[in-house]
Amino acid sequence: MKTIHKIVITGLMLLVIGGIIVSCSSTKDKYTDVTNAEDEFKIEKSGAQMWGEACNRCHLAPSPADYNDTDWETISLHMRVRANLTEKEITKIESFLKSAN
Amino acid sequence: MKKLIVLILIVGFGHISYGQTYNDFETDSIAASQPYQPSKTQFMIRGYGHTGLNFMSAEGEKESSYVGSAFAPIFLFKHSDRLMFEAELEFELENNDLKVGLEYADVMYVLNKNMTVRAGKFLLPFGTFMERFHPAWINRLPTRPLGFGHDGIAPASGIGVELRGAFDLGGPKLNYSIYSTNGPRLKDGSEEPEEAGMLMFQNFEDNNNSKAFGGRIGLLPFADSSTEFGFSAYSTNGVGETDSEYEDVGTFLYAIDFSFVKQIPAISGFIDIKGQYNNSDIDDATFTETHEDGDEEEYTFDNKSNSFYTQLSYRPTMASSDFLKKLELVGRYSNLNTPEGAEWEEQSVQYAFGLNYWLTWRSVIKIAYQTTDSVGGHDGGGTTNGFYIHWAIGF
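Colleague: What is the right way to look at the overall build of chain A in this model?
Modeller: Helix and strand content of chain A: six helices and zero strands. Ordered by position from the N terminus, the helices and strands of chain A form the series α-α-α-α-α-α. Restricting to contacts in chain A with at least 6 residues of sequence separation, those with at least 24 account for 67%.

Okay, here's the thing in structure tokens:
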């Protein structure tokens, strides 16, 4: 079991290091402002679409009217961490919920 | 005297005229006042509760009971856009007692767009069921699958520190979680001989210096986020008490989970498939069994357990009838196998079928039938059938 434990710890350490490098590295949108090609050609999902997809993975999608804007901010932060959602997903879902309530 | 009267008049009229200026109703109206600005610090109470009626029959014996209202308030304290404290209490009526539990209580901080750190007591992402699906208003059936829950073979929560986050891979998504906790403690049989060799995950104060390390990686390969595959691992070098003969007994657990949720027009509704396989491997150890005549006998066994569940549910959300739209059909299969030769040896298979009616997106009436065939176990095995009518609500 000690060998397996060492393998698990090594794997987790590599995952942490990799995650830190990727998440702390500069992203293209921080300094590249030459072209908006990505925006032009990529069809972005709407917040409503992401709300339907992400929420339904665990529970029925909530009605936007059930909470006010301030509550949605609190719930969004909670759900971002609980459901391990990406920043993009939760930002768009929160915007949709606040616009539709 | 005249000067005094003049002074009083000046002060009096001056005060009145100042007061009139101040109480200008045009400038002091509600419309002109500052608009409502919510503070960044927010406090919310959410949670869930459920209640119901159970009919059980096992080996010719029948019993029925209204089961107590479980109440699980969740406290959310948002300190800023990055910092939050969350806690869940669980009040449950069980065996004529009120059981109170702290499901989780942790502080979390968003480090950057891909990383969040949590510390405290948190739900462990060992698979997905206990972390995401166990609340009564989310779980599609009134019961949990075999091997899950507080006495299951897989950990539900732990005290420690965790790093978690998600990456957008331009369509597919990847989420991860890495944590270290106190880890489980081994039941050596001194208090409950029939449970010798079991792991107890409620280890609030560590019984040794060996910490548990674990993590989960989840991959959502499709852009519509309909499908998720996950792999979890959990390992520790020592689960026994310090300076005991079990100090160096280690354990390795892993879980594989799967989820598919999608609205399919061809079948006019949502289909939801979930599954999880848990495997537990604990180093072999020698335990002592005391017979009725006082004689002691040592025994050991290959301490390996596993459990599995898969669940399929269907909601006809695109049906023309409003009543049909709110219905949901559920079926679940689960099994549990604990070590051969252990006092708690058990092989169980369970089937559960349910019909749900969704009053709202967070309130559901569940009607279910469940049958469990067991060999061994606490109750000695046999067939147990159950019929449940439950009402769960999230808030």
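Colleague: Can you help me understand the packing of helix α4 (residues 47-56) of chain A against helix α6 (residues 87-100) of chain A in this one?
Modeller: Two quantities define a packed helix pair, namely the angle between the helix axes and the distance between the axes. Residues and elements named next belong to chain A. One way to put it is that α4 packs onto α6 with a least axis distance of 8 Å and a crossing angle of 110°. Regarding the angle of α4 to α6, the classification is roughly perpendicular. Here Gly 47, Ala 48, Met 50, Trp 51 and Ala 54 of α4 come into contact with α6, specifically with Glu 89, Lys 92, Ile 93, Ser 95, Phe 96 and Leu 97. Each residue belonging to the contact of α4 with α6 can be placed in one class, and the counts come to seven nonpolar, two polar and two charged.

Colleague: Would you take a moment to explain the pairing of strand β20 (residues 381-394) of chain B for this structure?
Modeller: If a strand is regular, its side chains alternate between the two faces of the sheet. All names here are of chain B. When strand β1 (residues 42-58) meets β20, the two strands line up antiparallel, connected through eleven bridges. Bridging across to β20, Ser 57 finds its partner in Asn 385. The sheet contact formed by strand β19 (residues 363-376) and β20 spans 13 bridges and is antiparallel. Bridge pairing in β20 links Asp 373 to Thr 383.

Colleague: Sorry, what's going on with α4(A) here?
Modeller: Helical geometry note: an α-helix holds 3.6 residues per turn, so side chains three or four residues apart project in the same direction. Buried within α4(A) are the following residues: A:Gly47, A:Met50, A:Trp51, A:Glu53, A:Ala54 and A:Asn56. Where α4(A) is buried, its residues meet α6 of chain A together with β12 (251-264) and β13 (269-282) of chain B.

Colleague: Please clarify how the interface of chain A and chain B should be interpreted in this entry.
Modeller: Contacts between the two partners involve 36 residues from chain A, matched on the other side by 45 residues from chain B. Sorting the residues of the side of chain A that touches chain B by element identifies α1 (2-24), α4, α5 (69-82) and α6 of chain A as the ones contributing at least two each. With twelve residues, α1(A) is the largest single contributor of residues to the side of chain A that touches chain B. By residue class, the composition of the side of chain A that touches chain B is 18 nonpolar, eleven polar and seven charged.

Colleague: Would you mind going over the nonpolar core with me for this structure?
Modeller: Most often, soluble globular proteins keep nonpolar side chains buried together rather than apart. Residue and element names in this part refer to chain B. Leu 123, Phe 126, Met 130, Ala 154 and Leu 199 are the most contacted members of the largest nonpolar core, which has 33 residues in total. Counting residues per element, this core draws most heavily on β12, which supplies four residues. Every residue in contact with Leu 199, bar those within four places of it in the chain, is listed here: Pro 184, Leu 186, Val 239, Thr 251 and Ile 282.

Colleague: Would you take a moment to explain the pairing of strand β5 (residues 115-123) of chain B for this structure?
Modeller: Residues and elements named next belong to chain B. Pairing of strand β4 (residues 97-112) with β5 involves seven bridges; the strand directions are antiparallel. Each bridged residue has a counterpart across the sheet, and for Val 107 the counterpart in β5 is Ala 119. Bridge count for β5 against strand β6 (residues 157-168) is eight bridges, and the pairing is antiparallel. Looking across to β6, one finds that Gly 120 is bridged to Gly 160.

Colleague: What am I meant to see in the packing of α5(A) against α6(A) here?
Modeller: All names here are of chain A. At their nearest, the axes of α5 and α6 sit 10 Å apart, and the two run at 155° to each other. As summarised for this structure, α5 and α6 are arranged roughly antiparallel, according to the angle between their axes. Every pair of crossing elements has a handedness; the one defined by α5 and α6 is right-handed. Across from Asp 69, Trp 72, Glu 73, Ser 76, Met 79 and Arg 80 in α5, the residues of α6 making contact are Ile 90, Ile 93, Glu 94, Leu 97 and Lys 98. Partitioned by chemical class, the residues of the contact of α5 with α6 number five nonpolar, one polar and five charged.

Colleague: How should I be thinking about α5(A) in this particular structure?
Modeller: Residues and elements named next belong to chain A. In this model, α5 (14 residues) spans 20 Å end to end at C-alpha, consistent with the 20 Å of a helix rising 1.5 Å per residue. Among all positions in α5, only Trp 72, Glu 73, Thr 74, Ile 75, Ser 76, Leu 77, Met 79, Arg 80 and Val 81 are buried. Asn 84 sits one or two positions beyond α5 and adopts a positive phi of about 50°.

Colleague: Looking at this structure, I do not really get the environment of B:Pro73. What am I missing?
Modeller: Residue and element names in this part refer to chain B. Tracing the sequence through the fold places Pro 73 in strand β2 (residues 61-78). According to the C-beta neighbour criterion, Pro 73 is partly exposed, with 15 such atoms within 10 Å. Discounting residues that sit within four places of it in the chain, Pro 73 has contacts with Ile 45, Gly 47 and Leu 89.

Colleague: Hey, could you run me through unusual backbone geometry in this one?
Modeller: The phi angle of most residues is negative, glycine excepted, and most peptide bonds adopt the trans form. Residues and elements named next belong to chain B. Positive phi, close to 60°, is recorded for Asn 96, a residue that is not glycine. Among the secondary structure elements, Asn 96 is positioned in the loop between β3 (83-94) and β4. We classify Asn 96 as exposed; it has 6 C-beta atoms within 10 Å. One non-glycine residue, Ser 225, lies in the positive phi region at around 60°. For Ser 225, the location among the structural elements is in the loop between β10 (212-220) and β11 (227-236).

Cut-offs used in this document
- Residues numbered from 1 in each chain as written.
- Chains lettered and ligands numbered in written order.
- Predicted model: local features only at pLDDT ≥ 70, side-chain atom pairs only at ≥ 80, totals over all residues.
- Helix = DSSP H or I, 4+ residues; strand = E, 2+ residues; numbered from the N terminus.
- Contact = placed C-beta atoms within 7 Å.
- Axes fitted to C-alpha atoms, helices over the stretch in contact; angles between N-to-C directions.
- Parallel < 35°, antiparallel > 145°, perpendicular 65-115°, else oblique.
- Nonpolar A, V, L, I, M, F, W, Y, C, P; charged D, E, K, R; others polar.
- Pairing = 2+ DSSP bridges.
- Buried ≥ 20, exposed ≤ 12 C-beta atoms within 10 Å, placed from the backbone.
- Core = buried A, V, L, I, M, F, W, Y, C linked by C-beta atoms within 7 Å.
- Left-handed = near helix turned anticlockwise from the far one by under 90°.
- Expected span 1.5 Å × (residues − 1).

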